[in-house]
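Coordinate analysis (summary)
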Amino acid sequence: MSEGEQELRALMIRYQGGSLEAFEEIYAQLAPGVRRYLSHLAGRSEIADDLLQETFLQMHRSRAAYNPEYAVKPWVFGLARNVFLMNRRAARNWAKVHETREDLPEFPVLPDADRLGSKDELRRGLAHLPPDQAEALLLHHEWGFSFEEIAGMLGISAAAARARASRGMAELRVALNTIQRARA
């Protein structure tokens, strides 16, 4: 277990005990990454702020159910994913949400990102991926979750999470080659 995760667990235990300062520290540490993740899922950054607030509201509501034997970060990202899915179901607007991902606020850092292409090319390449592959790819490479953690968040096996990320990387490379050839 990483030192950062140990700190998050200690903060979560304090938060369960009623410490507002512990919540503020958890929020400060996790909110930027959770917002980027929600921006990716929603495909529209203006929705991400609302989903972020709802995620931390859900964390507050379910803090008593948190089991300190488990890592905090995957638990919060799992809550974020559930908030997104609930929002999507309520809106019944899945197609519109994924029409464009061009307005993402920033691009994640993927392995060998400099060799793959520019940030703009990477963002456009990611937009060509099926959402489940892009999600697994980013969860693993951008946010550093293990495939076991991703499996728990997405309700799939670790092998399926690994396969989604691997297929996503392969398709991203193909999309980038197409984008780069079109520019040449």
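Criteria and cut-off values
- Residues numbered from 1 in each chain as written.
- Predicted model: local features only at pLDDT ≥ 70, side-chain atom pairs only at ≥ 80, totals over all residues.
- Heavy atoms only, no water.
- Helix = DSSP H or I, 4+ residues; strand = E, 2+ residues; numbered from the N terminus.
- Contact = heavy atoms within 4.5 Å.
- Areas by Shrake-Rupley, 256 points an atom, 1.4 Å probe, with all protein chains shown as cover.
- Axes fitted to C-alpha atoms, helices over the stretch in contact; angles between N-to-C directions.
- Parallel < 35°, antiparallel > 145°, perpendicular 65-115°, else oblique.
- Nonpolar A, V, L, I, M, F, W, Y, C, P; charged D, E, K, R; others polar.
- pLDDT = per-residue confidence, 0-100.
- Expected span 1.5 Å × (residues − 1).
- Buried < 20%, exposed > 50% of the residue type's maximum accessible area, 1.4 Å probe, protein only.
- Phe/Tyr/Trp six-rings, centres within 6.5 Å; stacked < 30°, edge-to-face > 60°.
- Lys NZ or Arg CZ within 6 Å of the ring centre and 35° of its normal.
- Salt bridge = Lys/Arg side-chain N within 4 Å of Asp/Glu carboxyl O.

Quick look at the overall build of the protein
In terms of helices and strands, the protein carries 10 helices and zero strands. Element order for the protein, N to C, with α for helix and β for strand: α-α-α-α-α-α-α-α-α-α. Of the contacts formed within the protein by residues at least 6 apart in sequence, a portion of 65% connects residues at least 24 apart. For the protein, the accessible surface area stands at approximately 9600 Å², while carbon and sulfur atoms represent 50% of it.

Re the packing of helix 9 (residues 147-154) against helix 10 (residues 158-183)
The interhelical angle for the contact between helix 9 and helix 10, taken along N-to-C directions, is 100 degrees, at an axis separation of 8 Å. If you check the angle between helix 9 and helix 10, you find them roughly perpendicular. Two secondary-structure elements touch here, helix 9 through Phe-147, Glu-148, Ile-150, Ala-151 and Leu-154 and helix 10 through Ala-158, Ala-161, Arg-162, Arg-164 and Ala-165. When grouped by side-chain class, the residues that make up the contact of helix 9 with helix 10 number seven nonpolar, no polar and three charged.

Focus on the confidence of the model for the protein
For the protein, the average pLDDT comes to 81, and 84% of its residues sit at 70 or higher. Here residues 92-107 is modelled with pLDDT under 50, and outside its nearest four sequence neighbours on either side it reaches 39 contacts, counting other chains as well.

Some points on helix 10
Residue pairs three or four apart in sequence face the same way in an α-helix, which turns once every 3.6 residues. Spanning 26 residues, helix 10 covers 37 Å between terminal C-alpha atoms, matching the ideal 38 Å at 1.5 Å per step. Restricting attention to buried positions, one finds in helix 10 the residues Ala-161, Ala-165, Gly-168, Met-169, Leu-172, Ala-175, Leu-176 and Ile-179.

What to know about the packing of aromatic side chains
Inspection of every chain in the model, using the stated rule, returns seven aromatic pairs. Aromatic side chains Phe-23 and Tyr-27 sit 6.1 Å apart centroid to centroid with 35 degrees between the ring planes, which places their arrangement in the tilted category. Note that Phe-23 and Tyr-27 are positioned in helix 2 (residues 20-42) at a spacing of four residues, about one turn of the helix. Overall, the relative accessible area of 26% leaves Tyr-27 in the partly exposed class. Measuring from ring centre to ring centre gives 5.3 Å for Tyr-37 and Phe-77, while their planes differ by 45 degrees; the resulting arrangement is tilted. Taken together, the positions of Tyr-37 in helix 2 and Phe-77 in helix 4 (residues 72-91) put the pair 40 residues apart, joining distant regions of the chain. With respect to class, Tyr-37 is no different from Phe-77; both count as buried. The ring of Phe-145 carries Lys-73 above its face, with NZ or CZ at 5.5 Å from the centroid.

Considering the pattern of salt bridges
Per the counting criterion, the structure on display carries five salt bridges. Between Arg-81 and Glu-135 there is a salt bridge; the shortest N-O distance is 2.9 Å. Of this pair, Arg-81 sits in helix 4 while Glu-135 sits in helix 8 (residues 131-141), placing them 54 residues apart in sequence.

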